[in-house]
Amino acid sequence: MRALRAAVRHIVEEFQRKCPHTPVTVLSALAEGGDTLCAEAALEAGASVVAALPFPSVVYRATTSFGSAEARQNFDTLFARSGVQHFVTPPPFDLHPIIEADWVELAADLDKRHKTYAANGAFVARNSHALIALWDGERPKSPSGTAEVVL
């Protein structure tokens, strides 16, 4: 993971070097794994991070995107860092959560949660000038992972 993190940092630094008058911002969902790795590498390189979350942070950190207490703690630490801003991406068009209880209900429904993750991934891809996707090359196991965005 250290080599991968260094490679992502190098990519961010190359953007900074080639575009010295343009601020570099990394858009990430901050999920455990590649999202966190990219955000941390960006911050190390002096770039800013905008966390495009599929759910409000309290609901998101309770989802399967974070498989352990350590992963949730890492999210909290990264989320609170200077240089990290955040917002919730629009959910799929047929879902209209308003209050936290609506978001909790949406996250508890596997099909709706996958649709929300997919909409979040599409939002990140559509709103990026360059996409750094860390993907293991495996076929998708669910309809809302990195493979779906990359393919």
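Residues numbered from 1 in each chain as written. Predicted model: local features only at pLDDT ≥ 70, side-chain atom pairs only at ≥ 80, totals over all residues. Heavy atoms only, no water.

Which parts of the structure should I look at to understand the overall build of the chain?
Along its length, the chain carries seven helices and three strands. Shown N-terminal to C-terminal, the secondary structure of the chain runs as helices and strands in the order α-β-α-β-α-α-β-α-α-α. Computed over the C-alpha atoms, the radius of gyration of the chain is 15 Å, within 12% of the 15 Å expected from 2.2 N^0.38 for a compact globule of 151 residues. The principal-axis extent of the C-alpha atoms belonging to the chain is close to 45 × 35 × 30 Å. Counting across all 151 residues of the chain, residues that qualify as buried make up 35%. Long-range pairs, those at least 24 residues apart, make up 65% of the contacts in the chain with a sequence separation of at least 6. Taken as a whole, the chain presents about 8,900 Å² of accessible surface, with 55% of it coming from carbon and sulfur. (Helix = DSSP H or I, 4+ residues; strand = E, 2+ residues; numbered from the N terminus. Rg over C-alpha atoms; globule rule 2.2 N^0.38 Å. Buried < 20%, exposed > 50% of the residue type's maximum accessible area, 1.4 Å probe, protein only. Contact = heavy atoms within 4.5 Å. Areas by Shrake-Rupley, 256 points an atom, 1.4 Å probe, with all protein chains shown as cover.)

How should the packing of aromatic side chains be read in this particular structure?
For any pair of aromatic rings, the description consists of the separation of the ring centres together with the inter-plane angle of the planes. For the structure on display, the rule yields seven aromatic pairs. On the numbers, 5.7 Å between centres and 85 degrees between planes, the contact of Phe55 with Tyr117 is edge-to-face. Pair noted here: Phe55 is in the loop between β2 (48-53) and α3 (57-60) and Tyr117 is in helix α6 (residues 110-126), with a separation of 62 residues, a long-range link. Tyr117 carries the same exposure label as Phe55, and that label is buried. Members of the aromatic cluster, connected to one another through ring pairs, are Tyr60, Phe66, Phe75 and Phe79. (Phe/Tyr/Trp six-rings, centres within 6.5 Å; stacked < 30°, edge-to-face > 60°.)

Sorry, what's going on with the nonpolar core here?
One recurring pattern in soluble globular proteins: nonpolar side chains tend to sit buried together. Ranked by internal contacts, the top residues of the largest apolar core, which has 28 residues, are Val12, Leu30, Val49, Phe55, Tyr60 and Phe75. Those elements giving two or more residues to this core turn out to be α2 (34-44), β2, α3, α4 (69-80) and α5 (100-108). Setting aside its immediate chain neighbours within four residues, Val49 contacts Thr25, Val26, Leu30, Ala39, Ala42, Leu43, Gly83, Val84 and Gln85. (Core = buried A, V, L, I, M, F, W, Y, C linked by side-chain atoms within 4.5 Å.)

Honestly, the pattern of salt bridges in this entry has me stumped. Any pointers?
Side chains bearing opposite charge may pair, as long as their charged atoms lie close to each other. For the structure shown, the criterion picks out eight salt bridges. Of the charged contacts in the structure, one is a salt bridge between Glu40 and Arg5, with a shortest N-O distance of 3.0 Å. Of the two residues, Glu40 is situated in helix α2 and Arg5 in helix α1 (residues 2-18); the sequence distance between them amounts to 35 residues. A residue is classified by how much of its surface remains accessible, and Arg5, at 27% relative accessible area, is partly exposed. A salt bridge links Arg5 to Glu44, with the shortest nitrogen-to-oxygen separation between them at 2.2 Å. Linking Arg5 in helix α1 with Glu44 in helix α2, this pair joins segments that are 39 residues apart in sequence. Overlapping salt bridges, with partners in common, bring together Arg5, Arg9, Glu13, Glu40 and Glu44 in one network. (Salt bridge = Lys/Arg side-chain N within 4 Å of Asp/Glu carboxyl O.)

These figures capture arrangement, not role.
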